[in-house]
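Structure assessment
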Amino acid sequence: MTEGSRGGRRREYASDADRVRAWRQRQKEAARAERIEAATPTDPAAAVTTLAEAVPLLRQETQAALARLSEVAASITAATALLADPAALEAHLRRVQADADKVRADAGAEIAGLREQLDAALDERADADAAAAAALAQADDATAQLAAARREQRDELDRLHADHAAALNAWTTRFEDSEAAHRRRTADLEALLEQQRDQLARLRADADQAAATVGRLEADLAAARAATAAERDRTEAVRADLAGARAETAAARAQVDAARERADELRTELRELRAFATASDPIEPR
């Protein structure tokens, strides 16, 4: 069963704290009503006495209120004068514009530096690509040389087999020497090929590193552009704050006018109280 479907009296307050606050407010209103009732005069003599006591108190409260209103009006006038000063506002705007120009110039210089770094990285990548192409060409040449050496080996073996029947013993040592030379040459060519492959791997790693550098520089350039956009947003916020300050100045002027009107009303009430007190002075008891 939900709380809305339960029977009984509907709750007047949403919480115990609201009920306590309402009870305290009722107590204050009751105490105030008692004070007003106790201070209400019941005969003309008591009314004169009450009026004689209340007029100085009212004068003191009025003077204090006028002093406070004068202080508030003075502070509002000073703030209004400062906000209404074109020279001060123009100086503030110049400072803000100078700061924005400095940030814009710094951002432009940083972007130019990043562009130079990007161009240098692109040049390095082009050089790496050229070096890689040269290494590939050298590897192709080494492979061609190896194939030619193998062809020469086959030719030499064919010649050795043709002469083997006639001079087997004489050519045995020569054949062994030729075989050893061929092996050394083959080993040298294979070592050269392995060296070219290692150099090609290093050049490819350098090309990858250059590509990573280009990516990092592009990210830095994007961050610089974002910082420039953020600075532009801050400039727009300063302009919005200036417009808000002008609106607050207009509101402050309206409050000053209202305070002056209230002061005039209090002066009028004070003159009326003085006139009433003057008219009531002959009734004083002997």
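1. Notes on the overall build of the protein
Of regular secondary structure, the protein possesses four helices and zero strands. Reading the helices (α) and strands (β) of the protein from amino to carboxyl end gives α-α-α-α. Considering only contacts in the protein between residues 6 or more positions apart, those separated by 24 or more positions represent 81%.

2. Comments concerning the layout of surface pockets
Roughly 160 Å³ of volume is contained in the largest pocket. Together, Gln97, Ala100, Val103, Arg104, Thr228, Glu231, Arg232, Thr235, Glu236 and Arg239 line the largest pocket. For the lining of the largest pocket, the secondary structure elements donating two or more residues are helix 3 (86-164) and helix 4 (168-280). Of the residues forming the lining of the largest pocket, the biggest block, six residues, is contributed by helix 4. Tallied by class, residues from the lining of the largest pocket come to two nonpolar, three polar and five charged.

3. Some details on empty space enclosed by the protein
Counted according to the given criterion, the structure contains two cavities of 30 Å³ or more. Approximately 40 Å³ is the volume found for the second largest cavity. Contributing to the lining of the second largest cavity are Leu58, Thr62, Leu266, Glu269, Leu270 and Leu273. Where the lining of the second largest cavity is concerned, the elements lending two or more residues are helix 2 (44-83) and helix 4.

4. With respect to the pattern of salt bridges
Applying the stated criterion across every chain, the model contains four salt bridges. The salt bridge partner of Asp106 is Lys102, with a shortest N-O separation of 3.1 Å. Taken together, the residues Asp106 and Lys102, both in helix 3 and four residues apart, mark about one turn of the helix. Judged by relative accessible area, Lys102 falls into the exposed class, the value being 53%.

5. Some thoughts on the nonpolar core
Judged by nonpolar contacts, Ile111, Leu114, Leu118, Ala121, Val214, Leu217, Leu221 and Ala224 together constitute the single largest core of eight residues. In contact with Leu114, not counting residues within four places along its chain, are Leu217, Asp220, Leu221 and Ala224.

6. A few points about the side chain of Thr80
Tracing the backbone through its elements, the reader meets Thr80 in helix 2. Polar contacts involving the side chain of Thr80 include one to the main-chain carbonyl oxygen of Ile76, which spans 2.6 Å. When neighbours within four sequence positions are excluded, Thr80 is seen to be in contact with Thr249, Ala252 and Arg253.

7. Considerations on a negative patch on the surface
On the surface, a cluster of negative charge is contributed by Glu116, Asp119, Asp123, Glu124, Asp127 and Asp129. For Asp119, the location among the structural elements is in helix 3. For Asp119, a relative accessible area of 44% corresponds to the partly exposed category.

8. Here we look at the confidence of the model for the protein
With 87% of its residues at a pLDDT of 70 or more, the protein has an overall mean of 77. When mean pLDDT is taken per element in the protein, helix 1 (residues 16-39) scores highest with 84 and helix 4 scores lowest with 78. Scored below 50 in pLDDT, residues 1-5 makes two contacts in the model with residues more than four places away or belonging to other chains.

Reading the values: rules and limits
- Residues numbered from 1 in each chain as written.
- Predicted model: local features only at pLDDT ≥ 70, side-chain atom pairs only at ≥ 80, totals over all residues.
- Heavy atoms only, no water.
- Helix = DSSP H or I, 4+ residues; strand = E, 2+ residues; numbered from the N terminus.
- Contact = heavy atoms within 4.5 Å.
- 1 Å grid on protein atoms, 1.4 Å probe; cavity = no way out; pocket = protein on both sides within 12 Å on 5 of 7 lines; lining within 4 Å.
- Points joined across faces, edges and corners; volume = space filled by probe spheres on them.
- Nonpolar A, V, L, I, M, F, W, Y, C, P; charged D, E, K, R; others polar.
- Salt bridge = Lys/Arg side-chain N within 4 Å of Asp/Glu carboxyl O.
- Buried < 20%, exposed > 50% of the residue type's maximum accessible area, 1.4 Å probe, protein only.
- Core = buried A, V, L, I, M, F, W, Y, C linked by side-chain atoms within 4.5 Å.
- Polar contact = N/O pair within 3.5 Å; in protein donor to acceptor, adjacent residues only side chain to side chain.
- Patch = residues over 30% accessible without salt bridge, like charges linked within 9 Å, V, L, I, M, F, W, Y side chains within 5 Å.
- Areas by Shrake-Rupley, 256 points an atom, 1.4 Å probe, with all protein chains shown as cover.
- Lys, Arg positive; Asp, Glu negative; His and termini not counted.
- Charge placed at Lys NZ, Arg CZ, Asp CG, Glu CD.
- pLDDT = per-residue confidence, 0-100.

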